[in-house]
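A look at the structure
Here is what each chain is made of, one letter per residue.
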Amino acid sequence: MSYLFGSFFILLTYLTLSGFKLDREYQRGVIFRLGRVQGVKGPGLYWIIPAIDQKVQVDIRTKTVDIEPQETITADSVTIRVNAVLYYRLLDPSRAIIKVESYQKAVYQAALTTLRNVIGQNILDDVLQNRDKINHKIQELVDEMTESWGIVIERVEMKDVEIPTSMQRAMAKEAEAVREKRARLIKAQAEQEASIKLSEASQQMIANPAALELRRLQMLSEIGSENNTTTIVVLPSDLASLTQNLTVKPQPKMPPTPKQES
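The structure contained in this document is the topic of the report that follows. (Residues numbered from 1 in each chain as written. Predicted model: local features only at pLDDT ≥ 70, side-chain atom pairs only at ≥ 80, totals over all residues. Heavy atoms only, no water.)

1. Re the overall build of the protein
The test is simple: Think of it this way: any DSSP run of H or I at least four residues long counts as a helix, any run of E at least two long counts as a strand, and we number them from the N terminus. Only protein chains enter the accessibility calculation, which uses a 1.4 Å probe; a residue is then buried when its area is under 20% of its type maximum, exposed when over 50%, and partly exposed in between. Note on contacts: a residue pair qualifies if any of its non-hydrogen atoms lie within 4.5 Å across the two residues. Here the open area of atoms and residues is found with the Shrake-Rupley method and a 1.4 Å probe, where only the protein chains shown may cover a residue.
Scanning the protein from N- to C-terminus turns up eight helices and eight strands. Within the protein, the proportion of its 262 residues that are buried is 23%. Long-range pairs, those at least 24 residues apart, make up 61% of the contacts in the protein with a sequence separation of at least 6. By element, 56% of the accessible surface of the protein is carried by carbon and sulfur atoms, the whole surface being about 19600 Å².

2. Considering the pairing of strand S2 (residues 27–33)
So the rule is basically this: DSSP-based pairing: two strands are paired if at least 2 bridges between them are found.
For S2, a buried count of six out of seven residues is recorded, marking the element as mostly surrounded by other parts of the structure. For S2 and strand S5 (residues 53–59), the ladder comprises seven bridges, and the chain directions are antiparallel. Bridged to Gln27 within S5 is Asp59. Where S2 lies against strand S3 (residues 36–41), five bridges are found, and the strand directions are antiparallel.

3. Focus on the side chain of Asp53
The cut-off we apply is this: Whenever a nitrogen or oxygen atom comes within 3.5 Å of another N or O atom, the pair is scored as a polar contact, on the condition that within protein one atom can donate a hydrogen and the other can accept it, and that pairs from neighbouring residues in sequence are kept only if both atoms are in side chains.
Inspection of the secondary structure assignment puts Asp53 in strand S5. Relative accessible area serves as the criterion here: at 8%, Asp53 is assigned to the buried category. One polar contact links Asp53 to Arg33, side chain to side chain, over a distance of 2.7 Å. Ignoring any residue separated from it by four or fewer positions in sequence, one finds Asp53 in contact with Ile31, Phe32, Arg33 and Ile48.

4. Thoughts on the pattern of salt bridges
For side chains bearing opposite charge, pairing can occur when the charged atoms are close. We apply this condition: The term salt bridge refers to a side-chain nitrogen of Lys or Arg lying within 4 Å of a carboxyl oxygen of Asp or Glu.
Scanning the entire structure with this criterion turns up ten salt bridges. In this structure, the salt-bridge partner of Lys55 is Asp23, at a minimum N-O distance of 2.6 Å. Taken together, the residues span a long stretch of sequence, with Lys55 in strand S5 and Asp23 in strand S1 (residues 20–23) at a distance of 32 residues. Glu71 is the partner of Arg81 in a salt bridge, and the nearest nitrogen-oxygen pair spans 3.9 Å. A residue pair is termed long-range when its members are at least 10 positions apart, and Arg81 in strand S7 (residues 79–90) and Glu71 in strand S6 (residues 63–73) qualify at ten residues. Judged by its relative accessible area of 32%, Arg81 falls in the partly exposed class. Through salt bridges with shared partners, a single ionic network connects Glu71, Arg81 and Glu162.

5. Focus on the sheet that holds S3
What counts, and what does not: Lines are fitted to the C-alpha atoms to define the axes, a helix being fitted only along its stretch in contact, and any angle between axes, read from their N-to-C directions, falls within 0 to 180 degrees.
Spatially, the three strands line up as an open sheet ordered S3-S2-S5, and their pairing is antiparallel. One side of each edge strand has no neighbouring strand; the edge strands of this open sheet are S3 and S5. Averaged over all pairs of adjacent strands, the angle between strand axes in this sheet comes to 25°, irrespective of strand direction.

6. What to know about a nonpolar patch on the surface
For clarity, the threshold we go by: Patches in this entry comprise residues that are over 30% relatively accessible and not in a salt bridge; like charges within 9 Å are linked, as are nonpolar side chains (Val, Leu, Ile, Met, Phe, Trp, Tyr) within 5 Å.
Residues Leu17, Phe20, Leu22, Leu45 and Trp47 make up a contiguous nonpolar surface patch of roughly 560 Å² in combined accessible area. Residue placement: Leu17 occurs in helix H1 (residues 2–18). Leu17 sits in the exposed class, given a relative accessible area of 56%.

7. A few points about the sheet that holds S7
Strands sit in the order S6-S7-S8 across an open sheet of three strands; the sheet is antiparallel. For this open sheet the edge positions go to S6 and strand S8 (151–162), each flanked by a neighbour on one side alone. Taken over all neighbouring pairs, the strand axes of this sheet differ in orientation by 25° on average, direction set aside. In this structure, S6 lies alongside S7, joined through nine bridges in antiparallel fashion. Among the inter-strand pairings, Thr64 is bridged to a residue of S7, identified as Tyr87. Contacting S6, S7 and S8, helix H3 (residues 103–120) crosses the sheet at an angle of about 35° to S6. Here helix H5 (residues 131–146) sits on the sheet in contact with S7 and S8, set at roughly 140° to S8.

8. Brief notes about the packing of H3 against H5
Condition: Oblique is the label for any angle not covered by the other classes, which are roughly parallel (under 35 degrees), roughly antiparallel (over 145) and roughly perpendicular (65 to 115). When the near helix sits turned anticlockwise from the far one by under a right angle, the crossing is termed left-handed; a clockwise turn instead gives a right-handed crossing. In this count, Pro and Cys sit with the nonpolar residues alongside Ala, Val, Leu, Ile, Met, Phe, Trp and Tyr, while Asp, Glu, Lys and Arg are called charged and the others, Gly among them, polar.
Taken N-terminus to C-terminus, the directions of H3 and H5 make an angle of 140°; their axes are 9 Å apart at the nearest point. Compared by their axis directions, H3 and H5 come out oblique. At the point where H3 passes H5, the crossing takes the right-handed sense. Contacts between H3 and H5 involve Val107, Ala110, Ala111, Thr114, Leu115, Val118 and Ile119 from the first element and Ile134, Lys137, Ile138, Leu141, Val142, Met145 and Thr146 from the second. Grouping the amino acids of the contact of H3 with H5 by side-chain chemistry returns eleven nonpolar, two polar and one charged.

See below:
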């Protein structure tokens, strides 16, 4: 009798201790009692009924999903390869276990198909220049699909876009043509502004002819300082006459001498 009592006590103690469960701060336990969901427990230490309650442990930390490179066609019929990374987190562990068989695979497939669909609706320039807009669109669509599973999509980022070599050469030529066009426009604008300034200067030189000669002499001095050459300067006759008139002093007029009387 005592043997049976001792065995029963040991069995009861074992069942009691086996009912204690411990979850870390980032873990939760979905409890099933006779096949029906009783709730979510954790973190910390808690107790369940042995042999009646069953526990499924889930991790509620943010998870990362690497979406493998996908070959897809853009709206302007360009074939590209795109890969991305997705971040998601469990909000309701019980729904993630009940609503879908494997929420990890479900999230991956949802992100995979949504990425291809969104890329196919945009042209190549939008894919390259408006990545934030496309990332936000993918996040909204995937989050709409996973909301019923108790999963929230935190972020989606495209990592790399592979473009065919022929398309890369065409884009390089286009960028070079745009830069050349910009350079020509800047040069033309500079020449237009210089012509306006020259026109204003010519009007001032017409009013003062000496300024033209001074400008010519200044230009000759600049040429002589930059290039070690012999410069022959031809001076106009007007300049020589003007210089002579400025240097020769006018003679004072003498009073007429009186005539001598014979």
